[in-house]
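Examination of the molecular architecture
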Amino acid sequence: MRARPTRTRVRSLVLGLGVALLAVTGAASAAGETRPEPNTLVPAGVMRYAPSVFPDRIVASPAQDAATGFGVSWRTAASVESPVLELVVAGDSPDMGPRRRIAARSTSFEGENGAAQFHRADVDGLQPDTLYAWRVQGGGTWSPWMQTRTAAAADAPLTLLYFGDTQNKNASLSTRVLREAHRHAPDAKLALFAGDLVSGGDGEDDNEWGEWFDAVGPLATMVVNAPAPGNHEYWEEFEDTPQERRVLGGHWPRTFALPANGAPGAEQTSYWFDYQGVRVVVLDGTSALDLGTAQAQAAWLDRTLAANPHAWSIALIHQPMYSPRQDRENVALREHVLPVLERRRVDLVLQGHDHVYGRRAGEDATRATPLYLVSVVGAKQYRLSDEARRDMAPTAEDTQLFQVIRLDGDTLRYESRTATGRLYDAFEIRGATPATRTLHEITEGRIAPRDCTRAQTLKGRADRCWE
């Protein structure tokens, strides 16, 4: 959990010291010595991500019915009010025909990079499996034309991406993973992020969001993006007592245009949508664990899955049902949410939070589903618990990963790949219904299991591999 960001740039001292050390010890660096780097690439005092009249942080997210709509959000300077989104069926000529205009709703925001407006436009009434060109307005300016395809029929093949926590050093070290994912799955239409997109704190919150968008790059609009909130999307607040209070960070409800169909008590951070033969349900683990909404979310999850008209289902949540990191036990999730996932036979439960890789079968090992996955994109790398090594397979430490999931008829194929694209884990789930599904391991081409080989991090922490 992170403290509410302030304007105090504590990291400037670290960065200044690092620059001085590099100047003095250039020979040591040239010899291969590695030093800790700051969490962002933005030097202290530099307004790299100040809002302007030009639209930025443009991202597409799925509507509840992704075949007929999607949402778009973007940011501008505070002076820009009530801009519009223009939309047209994409064509081969620069003149694509008459454009539909959709008015945006705007919300102000004050961050360390200055005052801003965030805008949201909900696009509906679209045709399935159709490529649309669209752009968003700034202050006397326009974004480039973007292109996003709506979901196709339920029986059409689908490729989607799953990412664990990006969180730390996004521009420096998450960028390569996200781009490698796009290279391996250029046909992907949907991206699922399992929370902790940023780390936050030390007056760096807005810079980190800026770097997250830099790292995501074209994926922000070429696919629709569905994130789960992590604990680092929340702030800690202390009032007159040492008791801390969880408060949703100001970026989260403004940054994404997500469906408004969430669970009671977690309306801004939980939601569901249908995408081409799969129902995706996104839960808020932090709210469940720390704000007392576990039972309400579990009941909402049960209703949402009971009404699923599709053959496949995926749950996305930040905190794992089975934690692969030492000394973590998410009791409220295991008590309230896990039984629903098991009873409703969710196919995949995609998770983050623990900064390692692990796969585990459900409570009934004779059934193919649910399968519980934990993965990580970013630079922070933890260590596996003894229980994870015993109960999960495969597992990994010290490894940045992305996942490609392909659905085609009665088959779901899952691949986890490293930052360099090497295959780490793979399997297929086959069967028309949950009751008939079988799990088939794919071992050909997998690299050997990876463990952390260093005794401590560069900052001297023995409980982690990298920070």
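With an unreviewed UniProt entry as reference, the chain is termed Metallophosphoesterase family protein, source organism Luteimonas terrae.

With that settled, the discussion passes to helix α3 (residues 170-184). Compared with an ideal rise of 1.5 Å per residue, which puts 15 residues at 21 Å, α3 spans 20 Å between its outermost C-alpha atoms and is within 8% of the ideal. Burial in α3 covers these residues: Asn170, Ala171, Ser174, Thr175, Val177, Leu178, Glu180 and Ala181. For α3, the secondary structure elements touched by its buried residues are β10 (158-163), β11 (190-193), α4 (205-216), α5 (219-222), β23 (401-408) and β24 (411-418).

Turning our eyes to something else, we now look at the sheet that holds strand β5 (residues 100-103). Ordered in space as β5-β4-β8-β9, the 4 strands form an open sheet in which the pairing is antiparallel. If you trace the sheet from one side to the other, it starts and ends with β5 and β9 (146-149), each paired once. Across the sheet, the mean angle separating the axes of adjacent strands is 30° when strand polarity is ignored. Judged from the 5 bridges that link them, strand β4 (residues 84-89) and strand β8 (residues 131-136) form a sheet pairing that is antiparallel. Bridge pairing in β8 links valine 89 to tyrosine 132.

Taken as a whole and judged by the stated rule, the model has 1 disulfide. The disulfide partner of cysteine 452 is cysteine 465, and the gap between their sulfur atoms is 2.1 Å. The chirality of the disulfide connecting cysteine 452 with cysteine 465 is right-handed, given an S-S dihedral of about 85°. Pair noted here: cysteine 452 is in the loop between β26 (438-441) and β27 (464-466) and cysteine 465 is in strand β27, with a separation of 13 residues, a long-range link.

Turning our eyes to something else, we now look at unusual backbone geometry. Proline 370 follows threonine 369 through a cis peptide bond whose omega is 0°. A cis geometry characterises the amide bond from alanine 393 onward to proline 394, with omega recorded as -5°. For proline 394, the location among the structural elements is in the loop between α10 (386-391) and β22 (395-396). Of note, arginine 57 is a non-glycine position whose phi angle comes to about 50°, a positive value. Relative to the elements of secondary structure, arginine 57 occurs in strand β2 (residues 56-62). With a relative accessible area of 8%, arginine 57 lands in the buried category.

With 81 residues, the main nonpolar core has Leu85, Trp134, Phe163, Leu192 and Leu348 as its most contacted residues. In terms of domain composition, this core takes at least three residues from each of domain 1 (53-151) and domain 2 (154-466). With near-sequence residues (within four places) excluded, leucine 192 lies in contact with Leu160, Leu161, Tyr162, Phe163, Ala226, Phe273, Val280, Ile314, Leu316 and Leu350. Counting residues in each nonpolar core, the second largest holds 27 residues, with Ala263, Val281, Met321 and Val349 among its members.

Now for the packing of aromatic side chains. This model, assessed by the stated rule, comprises 13 aromatic pairs. Where tryptophan 212 meets phenylalanine 213, the ring centres are 5.0 Å apart and the plane angle is 90°; that geometry is what we call edge-to-face. In this structure tryptophan 212 comes out as buried when scored by relative accessible area, which is 0%. Centre to centre, the rings of tryptophan 212 and phenylalanine 256 are 5.8 Å apart; their planes meet at 85°, and the pair counts as edge-to-face. Linking tryptophan 212 in helix α4 with phenylalanine 256 in the loop between α6 (252-255) and β15 (271-275), this pair joins segments that are 44 residues apart in sequence. Phenylalanine 256 gets classed as buried once you look at its relative accessible area, which sits at 3%. Ring pairs connect the aromatic residues Phe163, Phe193, Trp209, Trp212, Phe213, Trp252 and Phe256, which therefore count as one cluster. Just above the ring of tyrosine 322 sits the side chain of arginine 360; from NZ or CZ to the centre is 3.7 Å. Positioned over the ring face of tryptophan 312 is arginine 437, at 3.7 Å from the centre of the ring.

Criteria and thresholds
- Residues numbered from 1 in each chain as written.
- Predicted model: local features only at pLDDT ≥ 70, side-chain atom pairs only at ≥ 80, totals over all residues.
- Heavy atoms only, no water.
- Helix = DSSP H or I, 4+ residues; strand = E, 2+ residues; numbered from the N terminus.
- Expected span 1.5 Å × (residues − 1).
- Buried < 20%, exposed > 50% of the residue type's maximum accessible area, 1.4 Å probe, protein only.
- Contact = heavy atoms within 4.5 Å.
- Pairing = 2+ DSSP bridges.
- Axes fitted to C-alpha atoms, helices over the stretch in contact; angles between N-to-C directions.
- Disulfide = S-S within 2.5 Å.
- Core = buried A, V, L, I, M, F, W, Y, C linked by side-chain atoms within 4.5 Å.
- Domains from an automatic or database assignment.
- Phe/Tyr/Trp six-rings, centres within 6.5 Å; stacked < 30°, edge-to-face > 60°.
- Lys NZ or Arg CZ within 6 Å of the ring centre and 35° of its normal.

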